[in-house]
Every structure is written in structure tokens, then in C-alpha cells.
Amino acid sequence: IYTRFATAPSVIIYDFACQLAPYCLIREAEYFAHTRFLIDELHAQGHSKCGQACFASNAMRYDDRVRSANTSAAECGNQGMHRIRKSVSYMRYNHAVRYTKVYLDVWNRMVIRRISHISQ
């Protein structure tokens, strides 16, 4: 995140956000000073020792940005990556990287098309 964005996002929703927050704040406290770290809905059940403030489901009650976010978007991507996992395991590194990039490019184009058809 730090190497990709000039300013930190205001909200990060991640399956292990309870550990990501201290990690980020120790390394780049000023950069992440105004970022909220939330655990996605799918993984929240296994975080019994985490405070309620860490759960995206609680933040949805009062924050429209979190309410409108798909907290399981990464899981959708993981499902797509699972489809090519076996093929990629037999490839050399350079070929596997190219293959995965092309797969993700096609996947993203399909998502963009689907979204554009819905919005029309």
C-alpha cells in the first residue's frame, strides 16, 4: 500500500486487519495515521479476541463507505485464482507470471463489462 499510493486509504478491509494495523502503524505511523483497519465479514467469526471496533460489520452501521463496500471482494479474486492454480504450478516462473497477468487482465475486463452492462 505504502509503495503504491501517495496517501493511505481511509479504510482498509482485510481478513487479518487486527494484525495488519499494528504492523503498518509501527512501520509508517504518519502515513497510516488516519486509516481504519477492519476485518471483513467472512473472516470476522474466527476473530473472537479482537475488539468489536475491528469488524467491518459494526462499521457498516454508521459508515456509508463501508456499507457500500464488498468486504468479500478479495475472496472472489481468490476463487478465480484457484481455477489456474494447478496449471501455474507446472510452469516456469516467467511463464507463470505472464500467464497469471493475462488471466487477471481478462478477468478484470469481464468484470468491467459486466458492471457496464448492469449500469446501462
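For every chain, the first residue of the written sequence is number 1, and numbering continues from 1 along that sequence. Given that this is a predicted model, residues contribute local features only at a pLDDT of at least 70 and side-chain atom pairs are listed and counted only at 80 or more, while totals for whole chains, interfaces and linings are drawn from all residues. Side-chain measures were taken over the full set of non-hydrogen atoms in the model, leaving aside hydrogen atoms and water.

Caption draft 1: The confidence of the model for the protein chain, seen in detail. When pLDDT is averaged along the protein chain, the result is 79, and 70% of the positions lie at 70 or above. Mean pLDDT across the secondary structure elements of the protein chain bottoms out at helix 2 (residues 41-44), with 58, and peaks at helix 6 (residues 85-89), with 91. Along the chain, pLDDT gives the predictor's confidence residue by residue, from 0 to 100. Only runs of H or I of at least four residues qualify as helices and only runs of E of at least two qualify as strands under DSSP, and these elements are numbered from the N terminus.

Caption draft 2: Spatial organisation of the pattern of salt bridges. We define a salt bridge as a contact between a side-chain nitrogen of Lys or Arg and a carboxyl oxygen of Asp or Glu at a distance within 4 Å. By the definition in use, this model includes 1 salt bridge. Lys101 is paired through a salt bridge with Asp105; the nearest N and O atoms lie 2.7 Å apart. With a gap of 4 residues between them, Lys101 and Asp105 both fall in helix 7 (residues 93-119), about one helical turn apart. Looking at Asp105, the relative accessible area reads 28%, which means it is partly exposed. A simple rule labels every residue: compare its accessible area, found with a 1.4 Å probe on the protein chains alone, to the largest value its type can have, and call it buried under 20%, exposed over 50%, or partly exposed in between.

Caption draft 3: Representation of a nonpolar patch on the surface. Like charges are joined within 9 Å and nonpolar side chains (Val, Leu, Ile, Met, Phe, Trp, Tyr) within 5 Å, but only among residues with over 30% relative accessible area and no salt bridge; these make up the patches. All accessibility values rest on the Shrake-Rupley procedure with a 1.4 Å probe; residue burial counts only the protein chains present in the view. Taken together, the side chains of Val102, Val106 and Met110 present a nonpolar region at the surface, about 260 Å² in accessible area. Within the secondary structure, Val102 sits in helix 7.

Caption draft 4: Spotlight on the nonpolar core. Ranked by size, the top nonpolar core spans 11 residues in total: Ala8, Ile12, Ala17, Cys18, Leu20, Ala21, Cys24, Tyr31, Phe32, Phe37 and Ile39. Secondary-structure elements contributing two or more residues to this core are helix 1 (17-27) and strand 2 (36-39). Looking at which element gives the most residues to this core, the answer is helix 1, with 5 residues. For Ala8, the residues in contact, after removing those within four places along its chain, are Tyr31, Phe32 and Thr35. The set of buried Ala, Val, Leu, Ile, Met, Phe, Trp, Tyr and Cys residues whose side-chain atoms join them within 4.5 Å is what this entry labels a nonpolar core. Grouped together as the second largest cluster of nonpolar side chains are 5 residues, Ile84, Val88, Met91 and Tyr103 included. Note on contacts: a residue pair is in contact if any heavy atoms of the two residues lie within 4.5 Å.

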